[in-house]
Every structure is written in structure tokens, then in C-alpha cells.
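Listed below, chain by chain, are the residues.
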Amino acid sequence: MTKNKAIVLENVTKSVEIGESGKTMEILHDISLEAEKGEFLSIIGASGSGKTSLLHCMSGLSIPTKGQVTILDVHPYELRASKIAAFRRTKIGFIFQAYNLLPALPAFENIVLPLRLAGKKIDKQEILSLLDQLKFHADITSFVDALSGGEQQKIAIARVLVANCEVVFADEPTGALDSVSGKIVFDLLRYLANQGVCVIMVTHDIELAANTDRAIIMKDGQLVHSISKPFATQLFEAMSEETRPA
Ligand SMILES: Nc1ncnc2c1ncn2[C@@H]1O[C@H](COP(=O)(O)OP(=O)(O)OP(=O)(O)O)[C@@H](O)[C@H]1O
Ligand SMILES: [Mg+2]
């Protein structure tokens, strides 16, 4: 593998069990994809097209049924569970679509927990300044359940941004945000990519996707287009083709 590759997926297929029926359904079909260090990649596609499932397979969270995933030259699914956890903690940041914050902890503790677990230094001033940049104006000692959806999303984003990861996955990171906060988050992710981090963002916002280095389009569990330096009009066209009934 060349030095610049952050993620390589080779013929990845994912099947899931449907309820307790014992039957399985394939939700990702034979996906091959590469992403480089310093690349800002976006993933777009209709609801249910498989974007979150793909992100989970790409990031060491969900084992593909077939195919190979390589993250920073490591095959995560060949590691023992404890090693995968340590690898993910030190190298990979994941901003979850549903935030995945811990309700039993205050906002600030949610941000620093991964740092504590990884034995990394906690710079409170740096975190406060990032929260200020994100226009987070609530009390950082509040429990997360007391925060609005957008405020919770900002905590989930801050938790990843302070961790100095080499690959960042962001699943609709601006979904709950007003457009000014969304633009700030996008600029922070762009800054990470400029620093050499591989950033992979799922979004429904075509204007944001058009400002990434490359956009891939998912349809029915398949990767149907990969467009470098995309224009919004190109993405609108490709998306409306894909959602048009056959
Ligand atoms: N564990 C599972 N069991 C059964 N079906 C699943 C499972 N995970 C995902 N699916 C199905 O796979 C498809 C893709 O889901 P996924 O969450 O990846 O879509 P998405 O593109 O992220 O959608 P959205 O834009 O709404 O977040 C959906 O039809 C979903 O119902
Ligand atoms: Mg999703």
C-alpha cells in the first residue's frame, strides 16, 4: 500500500439479520473505495441508501460480511476486540449520527472521556476555546440530556476534534445545526483535512458536499458515482437521476 492511503475497502459486502427470522439481507453490495490522508471525502445518497452502514464498516465499528477493510495499514477486523478498541481510541474519531453521548456525564466530561481513556493530556482552555469557536453557549457542567439537539451535536463534534485523530468519520455532523454553526463545523473539518487528517463526512447537504475534495453517491447499498472536485449542479443532477423511479 502507498503511504498516503488512509482507508482502503476491497469488495466490501454487509449482510444483516432481519429481526429474529434468521433471514439475512444484504445492505452493502461489493463496495471498493480508497481515501487518502489529507482528503476530505463526502458521502451522499437518499435515506436508507447505506451511508451509515458504510461508515461503520469503514471505521472498525461493524465487521463486513465479505471483503477487506484497511485503515492506516491495519486490518482492524483481524485484531482482537481489545486491540481494535485501543486502535480506534488513538487513531479514529467518529461523530455519530445519533451523537452517542453518555447521559450520566456532564457535557465537559463527555468531551474529555476519550482523552482520559487514552491517557492523553486535557487542556481545558483549548477545549473552552473550541467550544467558543463552535458557538456553544450552554453550561459545560450540564448533563447532556438537558442540552438542545444542536448543543449535543456540538459536544459530539468537540469530543472528536480535541482527540487528534488521524481519520475522522462524521455522520451528518451538521444535521441538527443552524447554517452558521454548520459552516463553522465544515470549516473545522476542512482544517483537519488540511492538516493531513482523512475526513469522511456523510451529509444530506449538497452545497457542503460540493466543497469537499470528492463526493461519492450511494444508492440501494451500492456506490454509484465518485466525483472529484464536484460542483453542486453535478451532484444535484446525479442525485436526482438516482432518486428518479426506474
Ligand atoms: N442492523 C440492521 N438490521 C436491519 N436492517 C438494517 C440494519 N442496519 C441498517 N439496516 C438497513 O439498511 C439500510 C441502510 O441503512 P443506513 O442506516 O446505512 O442508511 P443511511 O443511508 O445512513 O440513511 P439515513 O440518511 O436515513 O441516515 C436501511 O434500509 C436500513 O433499514
Ligand atoms: Mg445514516
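Every residue gets a number counted from 1 within its own chain, in the order that chain's sequence is written. Numbering of ligands from 1 and lettering of chains from A proceed in the order in which they are written. Residue-level local features of this predicted model are given only where pLDDT is at least 70; pairs of side-chain atoms are given and counted only at 80 or more, and the full residue set underlies all totals for whole chains, interfaces and linings. As a rule here, side-chain values come from all non-hydrogen atoms in the structure, and water together with hydrogens is ignored.

Undergrad: Explanation requested: the overall build of the protein chain in the structure shown.
TA: The helix and strand labels rest on DSSP assignments: H or I over at least four residues marks a helix, E over at least two residues marks a strand, and numbering proceeds from the N terminus. Check the secondary structure of the protein chain and you find 8 helices and 9 strands. As defined in this context, the radius of gyration uses C-alpha atoms, and a globule is described by 2.2 Å times the residue total to the power 0.38. In terms of C-alpha radius of gyration, the protein chain reaches 18 Å, essentially the compact-globule figure of 18 Å for 246 residues. The principal-axis extent of the C-alpha atoms belonging to the protein chain is close to 50 × 45 × 45 Å. Considering only intrachain contacts with a sequence separation of at least 6, the fraction spanning at least 24 residues in the protein chain is 65%. As displayed, the protein chain has an accessible area near 12100 Å², and 51% of this comes from carbon and sulfur atoms. Residues counted as positive are Lys and Arg, residues counted as negative are Asp and Glu, and His and the chain ends are not counted. To locate a charge, take atom NZ for lysine, CZ for arginine, CG for aspartate or CD for glutamate. Each charge sign in the protein chain was given a centre, from 25 positive and 29 negative side chains, and these centres are 6 Å apart. Note on definitions: a residue-residue contact is assigned when non-hydrogen atoms from the two residues lie within 4.5 Å. A 1.4 Å probe and the Shrake-Rupley method give the accessible areas. Residues count as covered only by the protein chains that appear here.

Undergrad: Any chance you could explain the packing of helix 3 (residues 107–118) against helix 4 (residues 124–133) here in plain terms?
TA: Helices that pack against each other are described as a pair by the angle of their axes relative to one another and the distance between those axes. Only the stretch in contact is used when a helix axis is fitted, and all axes are lines through C-alpha atoms; the angle between N-to-C directions ranges over 0 to 180 degrees. At a closest axis distance of 12 Å, the pairing of helix 3 and helix 4 adopts a crossing angle of 120 degrees. Here the hand of the crossing between helix 3 and helix 4 comes out right-handed. Along its contact with helix 3, which presents Phe108, Ile111 and Val112, the element helix 4 presents Lys124, Ile127 and Leu131. Tallied by class, the residues present in the contact of helix 3 with helix 4 amount to 5 nonpolar, no polar and 1 charged. The hand of a helix crossing depends on one turn: near helix anticlockwise from the far one by less than a right angle means left-handed, and clockwise means right-handed. Polar here means any residue outside two lists: the nonpolar Ala, Val, Leu, Ile, Met, Phe, Trp, Tyr, Cys and Pro, and the charged Asp, Glu, Lys and Arg; Gly therefore counts as polar.

Undergrad: Could you clarify how one ought to interpret the coordination of the magnesium ion (ligand 2) in this entry?
TA: The textbook angles at a metal center are 109.5 degrees for a tetrahedron of four donors and 90 or 180 degrees for an octahedron of six. Sites may look incomplete, because water is not among the atoms used; the donor set itself consists of N, O and S atoms within 2.8 Å of the metal (3.2 Å for Na, K and Ca). In the first shell of the magnesium ion (ligand 2), the protein supplies Thr52 (OG1) and Gln97 (OE1), at 2.0 to 2.3 Å from the metal. Separated by 45 residues along the polypeptide, threonine 52 in helix 1 (residues 51–58) and glutamine 97 in the loop between strand 5 (92–95) and helix 3 bring together distant segments of the chain. The buried label goes to any residue with under 20% of its type's maximum accessible area, the exposed label to any with over 50%, and the partly exposed label to all in between, with areas taken from a 1.4 Å probe on protein chains only. Among the residues examined, threonine 52 registers a relative accessible area of 26% and is labelled partly exposed.

Undergrad: It is not clear to me how the sheet that holds strand 3 (residues 40–45) should be interpreted in this structure. Could you clarify?
TA: Within a sheet, each strand pairs with its neighbour through backbone hydrogen bonds, oriented either parallel or antiparallel. Spatially, 6 strands are ordered 5-6-7-3-8-9 in an open sheet, and the strand pairing comes out mixed. Pairing within the sheet leaves two strands with one partner each, and these edge strands are strand 5 and strand 9 (222–228). Each strand of the sheet is rotated relative to its neighbour by a mean of 15 degrees, with strand direction disregarded. Here the rule is simple: two strands pair whenever DSSP picks up at least two bridges between them. Sheet analysis places strand 5 next to strand 6 (residues 167–171), joined by 4 bridges and oriented parallel. Paired with isoleucine 92 across the two strands is valine 167, which belongs to strand 6. On the sheet, helix 2 (residues 81–91) packs against strand 5 and strand 6 and is oriented at approximately 80 degrees with respect to strand 5.

Undergrad: What is the right way to look at the site of ligand 1 in this model?
TA: Residues are labelled near a given molecule or strand when at least one of their non-hydrogen atoms is within 4 Å of it. The full set close to ligand 1 counts 15 residues, and Gly48, Lys51, Thr52, Ser53 and Gln97 are the nearest of them. The contact in question runs from an oxygen atom of ligand 1 to an N or O atom on the side chain of serine 47, over 3.2 Å. Measuring from an oxygen atom of ligand 1, one finds a backbone N or O atom of glycine 50 at 3.0 Å. In isolation ligand 1 offers 640 Å² of accessible surface; the protein chains occlude 60% of this area. Broken down by secondary-structure element, the contributors of at least two residues to the shell around ligand 1 are strand 1 (5–17), strand 2 (24–36) and helix 1. Residues of the shell around ligand 1, tallied by class, amount to 4 nonpolar, 8 polar and 3 charged. A 3.5 Å cut-off defines polar contacts: any pair of N or O atoms within that distance qualifies, except that in protein one atom must be a possible hydrogen donor and the other a possible acceptor, and neighbouring residues in sequence count only when both atoms are side-chain atoms.

Undergrad: Help me understand the sheet that holds strand 2, please; the structure alone is not making it clear to me.
TA: In space, the 3 strands of this open sheet follow the order 2-1-4, with antiparallel pairing throughout. Since the sheet does not close on itself, it has two edges, and those belong to strand 2 and strand 4 (66–71), each with one partner. When strand polarity is set aside, the average angle formed by the axes of neighbouring strands in this sheet is 20 degrees. In this structure, strand 1 lies alongside strand 4, joined through 5 bridges in antiparallel fashion. Bridge pairing in strand 4 links leucine 9 to valine 69. Together, strand 1, strand 2 and strand 4 form the strand contacts of helix 1, whose direction differs from that of strand 2 by roughly 60 degrees.

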